Amino acid sequence: KKTMVEFDKREKMTKNIPLLAIWINVLLWLNVPSFIGGLFTTQSGENINEQLALLGVFITLAVEVIYGVVLLKLGEVESRYRLGGFLLLISTGLSGFGFFMPASMEIPALIVSLLVTVLSTAASYYAIYGHAGVLRGIDNVLSVKWIKLWNWTLIMIISLFGGTFVSVIIPSIGTLLVIVSSIIALVVAVLKIKYTYDTVKIFKNFKV
């Protein structure tokens, strides 16, 4: 019975290969405007262009909305994509709301920020496991790589929050943990782009 279920799932998946190739490719190309938005919002020093910074925020929010909508579309094939898209859209809405909150509302802004972090992390989990799910039975090696990528993402998040709290008690160790989490975050971002490219390539070249 289990074998028949897996066979039916694979047969259904192969029928949706064109849809997966198109929309995961969209996710891949969304990294371009996301990178541009990130550059605008991470300006530092005295010569900060506030208009560019604001533009960067709007670009980032727009990219996340589109990303969430695409995940909802991919949810027609894999249910975890749908849940990831739903959580990402809620997270983006809260992020936009928090951005326009008055500076005097520090506690509510902190609560909103924590909610955004939790929801965006959960959205990332479901999106990554969505990729792993659609690849299972088609390319099991890449499917496992996606799962390992989530493990590294989790390590990065724990290191970042751990470093933030530890820095209050032992600044040197806390700073080291934050630096380590930043390095892991960079590696994770690069691998995410690579694995997305590899996933698109597999589905584009897949022979039904």
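Higher on the page you've got the structure.
Caption draft 1: Spatial organisation of the overall build of the protein chain. Of the regular secondary structure elements, the protein chain holds eight helices and zero strands. When the elements of the protein chain are put in sequence order from the N terminus, they spell out α-α-α-α-α-α-α-α. Summarising the internal contacts of the protein chain: among those between residues at least 6 apart in sequence, 65% fall at separations of at least 24. Accessible surface, the protein chain: about 12,600 Å² in total, of which carbon and sulfur atoms supply 71%.

Caption draft 2: Focus on the packing of helix α6 (residues 106-135) against helix α7 (residues 140-169). Contact geometry of α6 with α7 gives a least axis separation of 7 Å together with a crossing angle of 165 degrees. One element, α6, and the other, α7, form an angle in the roughly antiparallel class. Regarding α6 and α7, the two cross each other, and that crossing is left-handed. On α7, the residues that touch Thr117, Thr121, Ser124, Tyr125, Ile128, Tyr129, His131, Ala132 and Leu135 of α6 are Asn140, Leu142, Ser143, Trp146, Ile147, Trp150, Thr153, Ile157 and Phe161. Partitioning the contact of α6 with α7 into residue classes produces 11 nonpolar, seven polar and no charged.

Caption draft 3: Summary view of helix α8 (residues 171-205). In a regular helix each residue adds 1.5 Å, so 35 residues correspond to 51 Å; α8 covers 51 Å between its end C-alpha atoms and thus fits that length. Among all positions in α8, only Gly174, Ser181, Ile184, Val188, Tyr195, Thr196, Asp198, Thr199, Val200, Ile202 and Phe203 are buried. Buried residues along α8 sit against α2 (17-29), α6 and α7.

Caption draft 4: The layout of surface pockets, seen in detail. Here the largest pocket is characterised by a volume of approximately 1,600 Å³. A per-class count over the lining of the largest pocket returns 25 nonpolar, 15 polar and two charged.

Caption draft 5: Structural context of empty space enclosed by the protein. Within this structure, the stated rule accounts for one cavity of 30 Å³ or more. When its volume is computed, the largest cavity comes out at roughly 40 Å³. The wall of the largest cavity is formed by Tyr67, Ser124, Ala127, Ile128, His131, Trp146 and Lys192. Looking at the lining of the largest cavity, the element that brings in the most residues is α6, giving four residues. Here the lining of the largest cavity is built from residues that sort into four nonpolar, two polar and one charged.

Caption draft 6: Region of the structure containing a nonpolar patch on the surface. A cluster of nonpolar side chains, contributed by Trp29, Val32, Phe35, Ile36 and Leu39, occupies part of the molecular surface with about 530 Å² of accessible area. In terms of residue count, helix α3 (residues 31-41) provides more of the nonpolar patch than any other element does, four residues in total. Here valine 32 shows up in helix α3. For valine 32, a relative accessible area of 42% translates into the label partly exposed.

Caption draft 7: Highlighting the environment of isoleucine 66. As for its position among the elements, isoleucine 66 is in helix α4 (residues 50-74). Look at isoleucine 66 and you get partly exposed, because its relative accessible area is 42%. Residues isoleucine 66 and glycine 85 lie 19 residues apart in sequence; the distance between their C-alpha atoms is 9.4 Å.

Caption draft 8: Examining the environment of tryptophan 29 more closely. Tracing the backbone through its elements, the reader meets tryptophan 29 in helix α2. Note: C-alpha distance between tryptophan 29 and tyrosine 197 (168 residues apart in sequence) is 9.4 Å.

Caption draft 9: Local environment of the nonpolar core. Formed by 37 residues in total, the largest nonpolar core has its most connected members in Leu20, Leu71, Leu74, Trp146 and Phe203. Of all the secondary-structure elements, those providing two or more residues to this core are α2, α4, α5 (79-99), α6, α7 and α8. At eight residues, α6 tops the list of elements feeding residues into this core. Setting aside its immediate chain neighbours within four residues, tryptophan 146 contacts Ile128, His131, Ala132, Leu135, Lys192, Tyr195, Thr196 and Thr199.

Thresholds, definitions, all that
Residues numbered from 1 in each chain as written. Predicted model: local features only at pLDDT ≥ 70, side-chain atom pairs only at ≥ 80, totals over all residues. Heavy atoms only, no water. Helix = DSSP H or I, 4+ residues; strand = E, 2+ residues; numbered from the N terminus. Contact = heavy atoms within 4.5 Å. Areas by Shrake-Rupley, 256 points an atom, 1.4 Å probe, with all protein chains shown as cover. Axes fitted to C-alpha atoms, helices over the stretch in contact; angles between N-to-C directions. Parallel < 35°, antiparallel > 145°, perpendicular 65-115°, else oblique. Left-handed = near helix turned anticlockwise from the far one by under 90°. Nonpolar A, V, L, I, M, F, W, Y, C, P; charged D, E, K, R; others polar. Expected span 1.5 Å × (residues − 1). Buried < 20%, exposed > 50% of the residue type's maximum accessible area, 1.4 Å probe, protein only. 1 Å grid on protein atoms, 1.4 Å probe; cavity = no way out; pocket = protein on both sides within 12 Å on 5 of 7 lines; lining within 4 Å. Points joined across faces, edges and corners; volume = space filled by probe spheres on them. Patch = residues over 30% accessible without salt bridge, like charges linked within 9 Å, V, L, I, M, F, W, Y side chains within 5 Å. Salt bridge = Lys/Arg side-chain N within 4 Å of Asp/Glu carboxyl O. Core = buried A, V, L, I, M, F, W, Y, C linked by side-chain atoms within 4.5 Å.

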